[in-house]
Amino acid sequence: MTLEDSLPASPSCADCPIRHRAVCSRCDERELGQLEEIKYYRSFEAGQMVIWSGDKMDFVASVVSGIATLTQTLEDGRTQMVGLLLPSDFVGRPGREFAAYNISATTDLLMCCFRKKPFEEMMFRTPHIAQRLLEMTLDELDSAREWMLLLGRKTAREKIASLLAIVAQRDAAVKLRTQRGRMIFDLPLTREAMADYLGLTLETVSRQISALKRDGIIELEGKRHVTVPDFDRLLNEAGDDADGGMLT
């Protein structure tokens, strides 16, 4: 996919749903104007590859809508999902020429892309971008450490509850909604994708979701529309406290 694949009906910066959380969130009007000159949009259908590990990356990007997965392929051909990209997450690494992971669209995906070389040059003269990117990188590091705990120590029920809590919190943050009490969101992952990401079987995922529904922790409309009547109860099921931190 090339620059010519940019969308004719893309959101302006003023209307962007992730503006308050993206790498450009602290930019002033002049800096946004500079970013506008190197910006373009790309869309991907569910299941489509964004980039393969080892491919040269000529862009960096923010996820505007949809969800993507980061995977790594082992020498014997096995594939391990190592991360999720949710709205406002940053894709690519300034200063790194090649992609470190496979990136594929799990749902229909819209990305706000920046040509890599001009973006790297702008970072050096725009502290607002560099500071925000550092914050996002440190947040990503914290998330990776928490995910190591989830995969290594949590039960199947806690893993499912944790993933639901993560998606609920991100959805609320992007939509500027409270992260307490009753929360409603659409789960962007299939149960097969959840099983792959959490290191569980499909049967276990389905069984644990049914158990959370039966116990009143969640309500389901179809397979994807989720209502959490009491978010603190979900956090407790995830092994997290009411402040969102890990219980020790």
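Since the model is a prediction, treat every value here as computed from it, not as a measurement.

Trainee: Help me understand the overall build of the chain in this model?
Mentor: A count of helices and strands for the chain gives 7 helices and 11 strands. For a compact globule of 248 residues, the expected C-alpha radius of gyration is about 18 Å, and the chain comes in at 19 Å, within 12% of that figure. If you line up the chain on its principal axes, its C-alpha atoms span 50 × 45 × 35 Å. Within the chain, the fraction of its 248 residues that count as buried is 45%. When contacts within the chain are restricted to residue pairs at least 6 apart in sequence, those whose partners lie at least 24 apart make up 71%. Of the accessible surface of the chain, which amounts to about 13000 Å², a share of 51% is contributed by carbon and sulfur atoms. The average position of the 32 basic charges and that of the 38 acidic charges among the side chains of the chain differ by 2 Å.

Trainee: For this particular structure, what's the right way to read the packing of helix 4 (residues 156-174) against helix 6 (residues 202-214)?
Mentor: The description of two helices packed together rests on the angle between their axes and the distance between the axes. The N-to-C vectors of helix 4 and helix 6 enclose an angle of 75 degrees; their axes lie 9 Å apart at closest approach. When the axes of helix 4 and helix 6 are compared, the pair comes out roughly perpendicular. On the side of helix 4, the interface is formed by Ala 156, Arg 157, Ile 160, Ala 161 and Leu 164, while helix 6 contributes Thr 204, Val 205, Gln 208, Ile 209, Ala 211 and Leu 212. Its residues assigned to classes, the contact of helix 4 with helix 6 comprises 8 nonpolar, 2 polar and 1 charged.

Trainee: Quick question: what am I supposed to make of the sheet that holds strand 8 (residues 109-115) here?
Mentor: Two modes of strand pairing occur in sheets, parallel and antiparallel, and in both the strands are linked by backbone hydrogen bonds. The strand order across the open sheet formed by 4 strands is 1-8-3-6, and the pairing between neighbours is antiparallel. This sheet does not close on itself; its edge strands, each paired only once, are strand 1 (39-44) and strand 6 (90-91). Across 6 bridges, the pairing between strand 1 and strand 8 is antiparallel. Its bridge partner lying in strand 8, Ser 43 is registered against Leu 110. Contacts from helix 2 (residues 116-125) reach strand 3 (59-65), strand 6 and strand 8, with the element oriented near 65 degrees to strand 8.

Trainee: What should I look at first to understand unusual backbone geometry in this one?
Mentor: Apart from glycine, the bulk of residues carry a negative phi angle, and the bulk of peptide bonds sit in the trans form. For Ser 88, which is not glycine, the phi dihedral falls at a positive 90 degrees. By secondary structure assignment, the location of Ser 88 is in the loop between strand 5 (79-85) and strand 6.

Trainee: How do you make sense of the packing of aromatic side chains when you look at a structure like this?
Mentor: In this description, a pair of aromatic rings is defined by centroid distance and the angle of the planes. Scanning all chains against the criterion turns up 2 aromatic pairs. Grouping aromatic residues by their ring pairs yields a cluster made of Phe 90, Phe 114 and Phe 119. Arg 42 extends its terminal NZ or CZ atom over the ring of Phe 59, reaching a point 4.4 Å from the ring centre.

Trainee: Help me out: how do you make sense of the sheet that holds strand 9 (residues 183-186) in this one?
Mentor: Reading across from one edge, 9-11-10 is the order of the 3 strands in this open sheet, with antiparallel pairing throughout. The outermost strands of the open sheet, each flanked by one partner alone, are strand 9 and strand 10 (219-221). Strand-to-strand twist in this sheet, taken as the mean axis angle between neighbours without regard to direction, amounts to 20 degrees. Pairing of strand 10 with strand 11 (residues 225-228), which is carried by 3 bridges, proceeds in the antiparallel orientation. Bridging from a neighbouring strand, Glu 219 pairs with Thr 227 of strand 11.

Trainee: Explanation requested: the nonpolar core in the structure shown.
Mentor: Side chains that are nonpolar tend, in soluble globular proteins, to be buried together. Among the nonpolar cores identified, the biggest contains 35 residues, and Ile 160 and Leu 163 are the most heavily contacted of them. When contributions to this core are tallied by element, the ones reaching two or more residues are strand 5, helix 4, strand 9, helix 5 (191-198), helix 6, strand 11 and helix 7 (231-237). Broken down by element, this core gets its largest block of residues, 9 residues, from helix 4. Other than its neighbours up to four places away in sequence, Ile 160 contacts Met 194, Leu 198, Leu 200, Val 205, Gln 208, Ile 209 and Leu 212.

Criteria and thresholds
Residues numbered from 1 in each chain as written. Predicted model: local features only at pLDDT ≥ 70, side-chain atom pairs only at ≥ 80, totals over all residues. Heavy atoms only, no water. Helix = DSSP H or I, 4+ residues; strand = E, 2+ residues; numbered from the N terminus. Rg over C-alpha atoms; globule rule 2.2 N^0.38 Å. Buried < 20%, exposed > 50% of the residue type's maximum accessible area, 1.4 Å probe, protein only. Contact = heavy atoms within 4.5 Å. Areas by Shrake-Rupley, 256 points an atom, 1.4 Å probe, with all protein chains shown as cover. Lys, Arg positive; Asp, Glu negative; His and termini not counted. Charge placed at Lys NZ, Arg CZ, Asp CG, Glu CD. Axes fitted to C-alpha atoms, helices over the stretch in contact; angles between N-to-C directions. Parallel < 35°, antiparallel > 145°, perpendicular 65-115°, else oblique. Nonpolar A, V, L, I, M, F, W, Y, C, P; charged D, E, K, R; others polar. Pairing = 2+ DSSP bridges. Phe/Tyr/Trp six-rings, centres within 6.5 Å; stacked < 30°, edge-to-face > 60°. Lys NZ or Arg CZ within 6 Å of the ring centre and 35° of its normal. Core = buried A, V, L, I, M, F, W, Y, C linked by side-chain atoms within 4.5 Å.

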